[in-house]
Amino acid sequence: MTTIIDVARRAGVSVGTVSNVINDTFPVRESLRQRVQQAIEELHYRPNAVAQSLRSQRTRTIGLVISDIGDPFYMAIARAVADQSGHYGYNIIICNTDEGLAEEKRSLETLAARRVDGLIVAPSRGAHDFLSTLGAKGLSIVLINRRLEGVAIPAVIVNNRLAAYQAVEHLIQLGHERIALLPGLEGVSTTQDRREGYLMAHNDYRLVPDEELCQYSPLSVAEARERMRHLLEMEQPPTAIVACSILMTLGVLHALNDQRRCCPTDMALIGFGESEWSRLISPPLTCVEQPIRAIGITAVDLLFACMRGDQVDEENIVLETTLVHRQSCGCR
């Protein structure tokens, strides 16, 4: 096995110089640095990660805690976080909570025990005092997708209130008055914001919303399918619906297909989340396009600013969405 001594001999420098190049602990003249790097490549030397961590007190890893790795939204965020972390020379460890607070807490405790250098967390429902405790111990934390009231941790989110408002407003302008909403899981900030945007649009256009048309549900195809089935069987069913995730949009389409309903003639539909199939289905899907990659990249940049000790504003970073018009809502 190649050692740091072998590298030093090949490069004709001291072991200390090789260590300084590898760990970037002390300035090294550029000509020496190049000789060391060439020797490392020629000998295929790989530094001992454990030893490096002990010396530097850094593991060069960050933890990513998300609620559903099977959700295309979180899959895309994980990819963006991994890519951007790689630019900083870091790896990520991904934990999946299935929207469970206890599982989230266990994941965070495990990551802290593994001495990750920072955490990016999509929080589940419930009290999060344990996050503040981790932060008080010096672990840098950034939230994504959801904010937490009363917790002084910065978050990278999208403007869900405006996104829902614009979607509902568009349907109202197309002539719809009974508009359903699948905002997501009750008790989280994204759902609350979407419902507020839904109500604001109705209020601005002097429409009285039917509370039964707002159907909370977990973000799954099966649950959304069941909620849509219930809506279709109402005495006065809606004529349009906004489904606030890719999975819920699929559930709505399944339910419409089950009852041989056509979109948009029987039900106008606006979904959340752009995907390859959005343009391929018939009719193509009108959707709220979320800046998913930007969420992941911004969260990583913010986390590294915290890890460096930069002065970070605790206010949330809010990114904007775009309503992409296609034919599922009834547009030509």
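The structure this text deals with has already been given above.
Read on for a plain summary of the structure. (Residues numbered from 1 in each chain as written. Predicted model: local features only at pLDDT ≥ 70, side-chain atom pairs only at ≥ 80, totals over all residues. Heavy atoms only, no water.)

### Notes on the overall build of the protein
Okay, so step 1: When helices and strands are counted, the protein shows 13 helices and eleven strands.
Okay, so step 2: Expressed along its principal axes, the backbone C-alpha trace of the protein runs to roughly 85 × 40 × 30 Å.
Okay, so step 3: When contacts within the protein are restricted to residue pairs at least 6 apart in sequence, long-range pairs at least 24 apart make up 68% of them.
Okay, so step 4: When the accessible surface of the protein is totalled, it reaches about 16400 Å², and 49% of it is carbon and sulfur.
Okay, so step 5: If the 33 positive side-chain charges of the protein are averaged to one point and the 40 negative ones to another, these points end up 8 Å apart. (Helix = DSSP H or I, 4+ residues; strand = E, 2+ residues; numbered from the N terminus. Contact = heavy atoms within 4.5 Å. Areas by Shrake-Rupley, 256 points an atom, 1.4 Å probe, with all protein chains shown as cover. Lys, Arg positive; Asp, Glu negative; His and termini not counted. Charge placed at Lys NZ, Arg CZ, Asp CG, Glu CD.)

### Considering the pattern of salt bridges
Okay, so step 1: Per the counting criterion, the structure on display carries 14 salt bridges.
Okay, so step 2: Between Asp 210 and Arg 178 there is a salt bridge, and its shortest N-O distance comes to 3.2 Å. Note that Asp 210 is positioned in the loop between α9 (189-204) and α10 (221-232) and Arg 178 in the loop between α8 (160-173) and β6 (179-182), a separation of 32 residues in sequence.
Okay, so step 3: Residue Arg 227 is joined to Glu 223 by a salt bridge in which the shortest nitrogen-to-oxygen separation is 2.9 Å. Here Arg 227 pairs with Glu 223, and both are found in helix α10, just four residues apart, close to one helical turn.
Okay, so step 4: Note on Glu 223: relative accessible area 29%, which makes it partly exposed.
Okay, so step 5: Look at the salt bridges and you will find they share partners, linking Arg 147, Glu 149, Arg 161, Asp 193 and Glu 196 into a network. (Salt bridge = Lys/Arg side-chain N within 4 Å of Asp/Glu carboxyl O. Buried < 20%, exposed > 50% of the residue type's maximum accessible area, 1.4 Å probe, protein only.)

### Comments concerning the sheet that holds strand β9 (residues 286-289)
Okay, so step 1: Pairing in this open sheet of five strands is mixed, and the strands run β6-β7-β8-β9-β11 from one edge to the other. The sheet is open, and its two edges are formed by β6 and β11 (322-324), each paired on a single side. Across the sheet, the mean angle separating the axes of adjacent strands is 15 degrees when strand polarity is ignored.
Okay, so step 2: Relative to β9, strand β8 (residues 268-272) runs parallel, the two sharing three bridges. Note on β9: the bridge partner recorded for Phe 272 is Val 288. (Pairing = 2+ DSSP bridges. Axes fitted to C-alpha atoms, helices over the stretch in contact; angles between N-to-C directions.)

### Considerations on the packing of helix α5 (residues 72-87) against helix α13 (residues 292-308)
Okay, so step 1: Where α5 meets α13, the closest approach of the two axes is 8 Å, and the angle between their N-to-C directions is 40 degrees. Judged by the inter-axis angle, α5 sits oblique to α13. In this structure, α5 meets α13 at a crossing whose hand is right-handed. Here α5 contributes Phe 73, Ala 76, Ile 77, Arg 79, Ala 80, Val 81, Asp 83, Gln 84 and Ser 85 to the contact with α13, which in turn contributes Ile 292, Arg 293, Ile 295, Gly 296, Ile 297, Val 300 and Asp 301.
Okay, so step 2: Here the contact of α5 with α13 is built from residues that sort into nine nonpolar, three polar and four charged. (Parallel < 35°, antiparallel > 145°, perpendicular 65-115°, else oblique. Left-handed = near helix turned anticlockwise from the far one by under 90°. Nonpolar A, V, L, I, M, F, W, Y, C, P; charged D, E, K, R; others polar.)

### Points about the environment of Leu 139
Okay, so step 1: Within the secondary structure, Leu 139 is located in the loop between α7 (129-136) and β4 (140-144).
Okay, so step 2: Between the C-alpha atom of Leu 139 and that of Arg 115, which follows or precedes it by 24 residues, the distance is 9.1 Å.
Okay, so step 3: Excluding residues within four positions of it along the chain, Leu 139 makes contact with Ala 112, Val 116, Asp 117, Gly 118, Leu 119 and Leu 134.

### Some points on the sheet that holds strand β5 (residues 155-158)
Okay, so step 1: The parallel open sheet is built from six strands, whose spatial order is β2-β1-β3-β4-β5-β10. One side of each edge strand has no neighbouring strand; the edge strands of this open sheet are β2 (91-96) and β10 (317-319). On average, each strand axis in the sheet is inclined to that of its neighbour by 20 degrees, with strand direction left out of account.
Okay, so step 2: Where β4 meets β5, two bridges bridge the pair, whose relative direction is parallel. Directly across from Ile 144, in β5, lies its bridge partner Val 156.

### Remarks on empty space enclosed by the protein
The gaps of empty space that remain are located by a probe, the size of a water molecule, rolled over the atoms.
Okay, so step 1: Summed over all chains, the structure comprises one cavity of 30 Å³ or more.
Okay, so step 2: One number sums up the size of the largest cavity: a volume of about 120 Å³.
Okay, so step 3: If you trace the largest cavity, you find 14 residues lining it, with Phe 73, Arg 194, Cys 244, Ser 245 and Gln 290 closest to the centre.
Okay, so step 4: Across the lining of the largest cavity, the residue classes break down as six nonpolar, five polar and three charged. (1 Å grid on protein atoms, 1.4 Å probe; cavity = no way out; pocket = protein on both sides within 12 Å on 5 of 7 lines; lining within 4 Å. Points joined across faces, edges and corners; volume = space filled by probe spheres on them.)

On their own, these measurements won't tell you what the molecule is for.
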